[in-house]
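Fold and contact review
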Amino acid sequence: MKEYRLLINGKWEDGAQVREIKSPFDGAVVAKVHFAGRAQVEQAISDAQAAFARTRKLSSYERAAALEKVSSEISRRSKEIAESIVLSSGKPLKYAKGEVSRGAITFKIAAEEAKRIYGETIP
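The following refers to the structure shown.

The rules we used
By convention here, each chain's residues receive numbers from 1 onward along its written sequence. It should be noted that, the model being predicted, local features are given only for residues of pLDDT at least 70 and side-chain atom pairs only at 80 or more, the latter also being counted only at that level, while totals for whole chains, interfaces and linings use all residues. Side-chain metrics in this entry use all non-hydrogen atoms of the structure; hydrogen atoms and water are not considered. Only DSSP runs of H or I reaching four residues or more are called helices, and only runs of E reaching two or more are called strands; each is numbered from the N terminus. Only C-alpha atoms enter the radius of gyration; for comparison, a globular chain is expected to reach 2.2 Å times N to the power 0.38, where N is the number of residues. We define a salt bridge as a side-chain nitrogen of Lys or Arg found within 4 Å of a carboxyl oxygen belonging to Asp or Glu. The buried label applies to any residue whose accessible area, calculated with a 1.4 Å probe on protein chains only, is under 20% of its type's maximum; exposed applies above 50%, and partly exposed to all values in between. In what follows, a contact means two residues having at least one pair of non-hydrogen atoms within 4.5 Å. Here a polar contact is taken to be a pair of N or O atoms separated by no more than 3.5 Å, where protein atoms must pair a possible hydrogen donor with a possible acceptor and residues adjacent in sequence count only if both atoms sit in side chains. The pairing criterion is simple: DSSP has to find at least two bridges between the two strands. As used in this record, nonpolar core signifies buried Ala, Val, Leu, Ile, Met, Phe, Trp, Tyr and Cys residues forming a set joined through side-chain atoms within 4.5 Å.

This part covers the overall build of the protein chain. The helix and strand inventory of the protein chain stands at 4 helices and 5 strands. Secondary structure elements in the protein chain, listed N-terminal to C-terminal, are β-β-β-β-β-α-α-α-α. Against the 2.2 N^0.38 benchmark of 14 Å for 123 residues, the protein chain shows a C-alpha radius of gyration of 18 Å, more extended than a compact globule. Along the longest, intermediate and shortest principal axes, the C-alpha atoms of the protein chain span 60 × 40 × 20 Å.

Printed below as a string of structure tokens:
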């Protein structure tokens with residue numbers, strides 16, 4: 001059974017609370033998910049604000065590369081992600097695969113759009 005912890009500022013942490021995710025078909029526990037406490041949420045927000053100060057300075061091609069990496073990782077792990085959707089929601093595998101594919105495509109499109117600069121630029 002998979003256990004999903006919190007990723008805060010690049011570090012995996014246990015949550016303040018752990019909940020069991022049950023199959024809608026037979027009620028069997030299919031995963032355990034960690035939920036953040038108030039302090040962890042506040043830390044994650046603070047860390048995200050600090051990261052934004054750094055990432056906003058990235059070039060459009062660096063942003064595109066990061067988004068492309070997310071798209072590729074979703075595609076690479078598509079089977080695992082689709083199976084997780086099936087177990088937790090009871091969605092048929094065919095539709096879960098479509099959902100995962102759509103997620104990968106969304107990040108791919110965002111990567112392509114990140115390369116385009118509109119508005120005024122100064123050389």
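Right, let's talk about the pattern of salt bridges for a bit. For the structure shown, the criterion picks out 9 salt bridges. Salt-bridge contacts for glutamate 68 lead to lysine 108; the nearest nitrogen and oxygen are separated by 2.9 Å. One end of the pair, glutamate 68, is in helix 2 (residues 60-76); the other, lysine 108, is in helix 4 (residues 93-114), and 40 residues separate them in sequence. Judged by relative accessible area, which is 35%, lysine 108 ranks as partly exposed. One salt bridge in this structure joins arginine 116 and glutamate 113, with 4.0 Å as the shortest N-O distance. The network of salt bridges with common partners includes Lys2, Arg77 and Glu80.

Residue placement: alanine 16 occurs in the loop between strand 3 (11-13) and strand 4 (17-22). For alanine 16, a relative accessible area of 62% puts it in the exposed group. Among residues more than four places away in sequence, those in contact with alanine 16 are Phe35, Ala36, Gly37 and Gln40.

Right, let's get into the side chain of glutamine 40. Within the secondary structure, glutamine 40 is located in helix 1 (residues 38-55). For glutamine 40, a relative accessible area of 14% puts it in the buried group. Looking at glutamine 40, its side chain comes within polar contact range of the main-chain nitrogen of alanine 16, at 3.4 Å. Ignoring sequence-local partners within four residues, the contact set of glutamine 40 consists of Leu6, Ile8, Glu13, Asp14, Gly15, Ala16 and Phe35.

The pairing of strand 4 with strand 5 (residues 29-35) spans 6 bridges and is antiparallel. The residue of strand 5 that forms the bridge with isoleucine 21 is alanine 31. The hairpin formed by strand 4 and strand 5 contains 6 residues between the paired strands, and glycine 27 there has a positive phi angle of roughly 75 degrees.

What follows is about the nonpolar core. Among the nonpolar cores identified, the biggest contains 6 residues, and these are Ile74, Ala82, Ile85, Ala96, Val100 and Ala104. Within the residue set of this core, elements represented by two or more residues are helix 3 (78-89) and helix 4. A per-element tally of this core places helix 4 first, with 3 residues. Once residues within four sequence positions are removed from consideration, alanine 82 is found in contact with Leu93, Ala96, Lys97 and Val100.

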